[in-house]
Amino acid sequence: MFFLILLMLAQMNETNSILFPEKRIGEIPGIYVGYQFFSRAEMVVVGFHSHWLNGIDYMGQSYSKAYNNYTFPLAVAIVISGQYEDDVDNCEEVVYTGQGGNNLLGNKRQVKDQDLTRGNLALKNSWEQALPVRVVRGHKCKNSYVGKVYTYDGLYQVVRYWAEEGVSGFTVYKYRLRRLDGQPTLTTNQVNYAHGGVPKVLTDLRGLVCDDISGGEERLPIPATNLVDDPPVAPSGFSYHKAMKISKSVKVPSHITGCKCKGACVDSRTCACAKLNGSDFPYVRRVNNNRSCYRLVEAKDIIFECGPGCGCGPDCVNRASQRGMEYRLEVFRTPKKGWAVRSWDFIPSGAPVCEYIGVLMNTDEPDYDHGNNYIFDIDCLQTMKGLDGREKRYRNVSSIPLDKDDDDEKLDITEYCIDAGSSGNVARFINHSCEPNLFVQCVLSSHQDVKLARIVLIAADNISPLQELTYDYGYALDSVVGADGKPKVLQCYCGAAGCRKRLF
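Predicted model, so just to flag it, every value in this text is computed and none were measured.

**Student:** Hey, could you run me through the overall build of the protein in this one?
**Tutor:** Assigned secondary structure in the protein consists of 6 helices and 26 strands. Buried positions account for 48% of the 504 residues belonging to the protein. If you take every contact in the protein between residues at least 6 apart in sequence, the share linking residues at least 24 apart comes to 66%. Carbon and sulfur atoms make up 50% of the accessible area of the protein, which totals about 25,100 Å².

**Student:** How do you make sense of the pattern of salt bridges when you look at a structure like this?
**Tutor:** One pass over the full model with this rule turns up 20 salt bridges. For R137, the salt bridge is made with D153, and the minimal N-O distance between the two is 2.8 Å. Separated by 16 residues along the polypeptide, R137 in strand β6 (residues 132–140) and D153 in strand β7 (residues 148–165) bring together distant segments of the chain. By relative accessible area, R137 is classed as buried at 2%. For K336, the salt bridge goes to D181, with nearest N and O atoms at 3.2 Å. Pair noted here: K336 is in the loop between β16 (329–334) and β17 (338–343) and D181 is in the loop between β8 (171–179) and α4 (188–196), with a separation of 155 residues, a long-range link.

**Student:** Please explain the packing of aromatic side chains as it appears in this structure.
**Tutor:** Given two aromatic rings, one states the distance between the centres and the angle between the planes to describe the pair. For the structure shown, the criterion picks out 11 aromatic pairs. Judged by centre distance (6.3 Å) and plane angle (25°), the rings of Y67 and Y70 are stacked. These aromatic residues form a ring-pair network of at least three members: Y35, F37, F48 and Y152. One Lys or Arg, R342, reaches over the ring of F332 and ends 3.9 Å from the middle of that ring. Above the face of the Y374 ring, R428 is positioned so that its terminal group lies 4.1 Å from the ring centre.

**Student:** What is the right way to look at the sheet that holds strand β25 (residues 454–459) in this model?
**Tutor:** Backbone hydrogen bonds hold the strands of a sheet together, and the pairing may be parallel or antiparallel. As summarised here, the arrangement of the 4 strands in space is β15-β24-β25-β18, forming an open sheet in which the pairing is mixed. Lying at the two open borders of the sheet, with one neighbouring strand each, are β15 (303–304) and β18 (352–355). With 6 bridges joining them, strand β24 (residues 438–444) and β25 adopt antiparallel strand pairing. Residue pairing in the sheet places C442 in a bridge with I455 of β25.

**Student:** Whenever I open this one, the environment of C91 confuses me. Can you help?
**Tutor:** Among the secondary structure elements, C91 is positioned in the loop between β4 (88–89) and β5 (93–97). For C91, a relative accessible area of 19% gives the class buried. Put simply, C91 and T334 are 243 residues apart on the chain and 8.7 Å apart in space, counted from C-alpha to C-alpha.

**Student:** What should I look at first to understand the UniProt feature "domain: Post-SET" (unreviewed entry) in the protein in this one?
**Tutor:** According to UniProt, the positions carrying the feature "domain: Post-SET" (unreviewed entry) are residues 488–504. Structurally, residues 488–504 is divided into 0% helix and 0% strand, and its ends, taken at the C-alpha atoms, are 7 Å apart.

**Student:** Where do I start with the nonpolar core in this structure?
**Tutor:** For soluble globular proteins, nonpolar side chains are generally found buried alongside one another. In terms of nonpolar packing, the biggest core is built from 48 residues, with V331, L438 and L469 touching the most fellow members. Elements with a minimum of two residues in this core: β16, β17, β18, α6 (380–385), β21 (416–419), β24 and β25. When residues in this core are grouped by element, the largest group, 4 residues, is from β24. With near-sequence residues (within four places) excluded, V331 lies in contact with I213, I222, P223, A224, T225, P235, W339, A340, V341, V426 and F429. In terms of nonpolar packing, the next biggest core, distinct from the first, is built from 17 residues, I78, V94, Y96 and Y173 among them.

**Student:** Please clarify how the pairing of β8 should be interpreted in this entry.
**Tutor:** Every other side chain in a regular strand lies on the same face of the sheet, so the side chains alternate between the two faces. Summarising the sheet, β5 and β8 pair through 5 bridges and their orientation is antiparallel. Looking at the pairing, T97 lines up with K174 of β8. Note: β7 against β8, 9 bridges, orientation antiparallel. Opposite E165, over in β8, you have T171 as the bridge partner. Between β7 and β8, which follow one another and run antiparallel, lie 5 residues, and G169 among them has a positive phi close to 90°.

**Student:** What should I look at first to understand the environment of E27 in this one?
**Tutor:** With respect to the secondary-structure elements, E27 resides in the loop between α1 (2–14) and β1 (36–37). As a C-alpha pair, E27 and A77 span 50 residues in sequence and 9.9 Å in three-dimensional space. Beyond its immediate stretch of four places on either side in the chain, E27 contacts Y152, L155 and Q183. Here the side chain of E27 touches Y152 through a polar contact of 2.8 Å, side chain to side chain.

**Student:** I keep staring at unusual backbone geometry and nothing clicks. Help me out?
**Tutor:** Most of the time, phi is negative for any residue but glycine, and the peptide bond is trans. The linkage connecting F72 with the following residue, P73, adopts the cis geometry, with an omega of 5°. A cis amide bond links D230 with the next residue in sequence, P231, at an omega value of 5°. Note that P231 resides in the loop between β10 (224–225) and β11 (239–240). Positive phi, close to 45°, is recorded for R118, a residue that is not glycine. As for its position among the elements, R118 is in helix α3 (residues 118–128). Even without a glycine there, the phi angle at K501 is positive, about 75°. Mapped onto the elements of the fold, K501 is located in the segment after β26 (470–471).

**Student:** I tried to follow the side chain of K451 on my own but got confused; where do I start?
**Tutor:** Within the fold, K451 resides in the loop between β24 and β25. The class of K451 is buried, set by a relative accessible area of 15%. At 3.2 Å, the side chain of K451 forms a polar contact with the side chain of E415.

Reading the values: rules and limits
- Residues numbered from 1 in each chain as written.
- Predicted model: local features only at pLDDT ≥ 70, side-chain atom pairs only at ≥ 80, totals over all residues.
- Heavy atoms only, no water.
- Helix = DSSP H or I, 4+ residues; strand = E, 2+ residues; numbered from the N terminus.
- Buried < 20%, exposed > 50% of the residue type's maximum accessible area, 1.4 Å probe, protein only.
- Contact = heavy atoms within 4.5 Å.
- Areas by Shrake-Rupley, 256 points an atom, 1.4 Å probe, with all protein chains shown as cover.
- Salt bridge = Lys/Arg side-chain N within 4 Å of Asp/Glu carboxyl O.
- Phe/Tyr/Trp six-rings, centres within 6.5 Å; stacked < 30°, edge-to-face > 60°.
- Lys NZ or Arg CZ within 6 Å of the ring centre and 35° of its normal.
- Pairing = 2+ DSSP bridges.
- UniProt positions renumbered as here; feature names shortened; annotations may be inferred.
- Core = buried A, V, L, I, M, F, W, Y, C linked by side-chain atoms within 4.5 Å.
- Polar contact = N/O pair within 3.5 Å; in protein donor to acceptor, adjacent residues only side chain to side chain.

Right, dumping it as structure tokens:
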């Protein structure tokens, strides 16, 4: 088989059948992040990676005349496919083992020292000259005729290199590569999921540091993984709660009289809660694989759900956000953004994912910490009025009971917030993105005080398995001020093409 591949590739070179025969640094036209190759030979045919076996593709001395400002050899692409026992892959960052000294028998064993020549020297020169390298990852795939699928994951930069004694006692060269910002979302996790599947048991999960951060409180366990820290650590410094805790200073209105529906709400003309929603039910129910899925039809300024005072039961379609976790979530460590959250399941557009849980408190309490990154200000009323540049959700709010004292001049500061710093649920780990896949929806169910609305995170679009979950934190630039009275600056590492570069 190998001889046939070599013969085929040799003939292609002779007949100039390679699409891009000249090697180039950076992107290849028409090959975008997420593109899949079903063999190493396909990459050779395109000119994306010119060798069917070596992990490092590089430009040799023959390119020095055309690129006389660079020192050669220079790396242009690498393939990560688990060939070396010393590799560490954290997706956004990679510790890549140089080439040579491997017995190539499939057990990844190193049998002799590596030399700083060829591809190893090329990666070192790429580091010295700050030039990007294309990164391709290989995953097992039953549908591929070679048993693997190779996914292009974008441009990375070598940020460090060194030599050390490897696992087997031989010298190996190591290269730390970091993914460049501003590229499309990394897709290798989705590819790995699609072709490898979610682990059948938690012990098969790479980097597992906690079986369930909820400690059994949630219906579905939430594992935590860490492939970044050395040694790996689990999330700490908080206690998990799936129900809101109420500060002594907050007086939550008593339960109101709800609808008179029985069993489930079906008629929007007679349901009192539906009338508050403009004589309509905000959610629809769909059944997929014998499983009910609740989806919000459109984002609204406020949603009135059925609550404790209603005659309907827990399966009512107008209680969609109160059903708890419906999707398998994982908390994982990232190189730049701390902890993050992803789903193992496909999440359809409009599906409630989770509620932001913590301590409901007044913003003028002594415990209110402006530097606490886990505080969520409940600004539903400000959003409804379109204050301070907030985007209004165009809907008639005349039916919503508002306090007469809530004039615009008194709304410069939100009255209430949710503090998830020391007590909260999985939502506290969901990161910001300038182009998020979740949005914030204010919901009322047990009372009608908009200033104390529940905060529910809804899928803004269909979300593929293992894609990071994010929402827009909504900070205005220079809106966060330090103790010295000067605006604080926090860099944004969301990686979105339209990233604003600053969180605030």
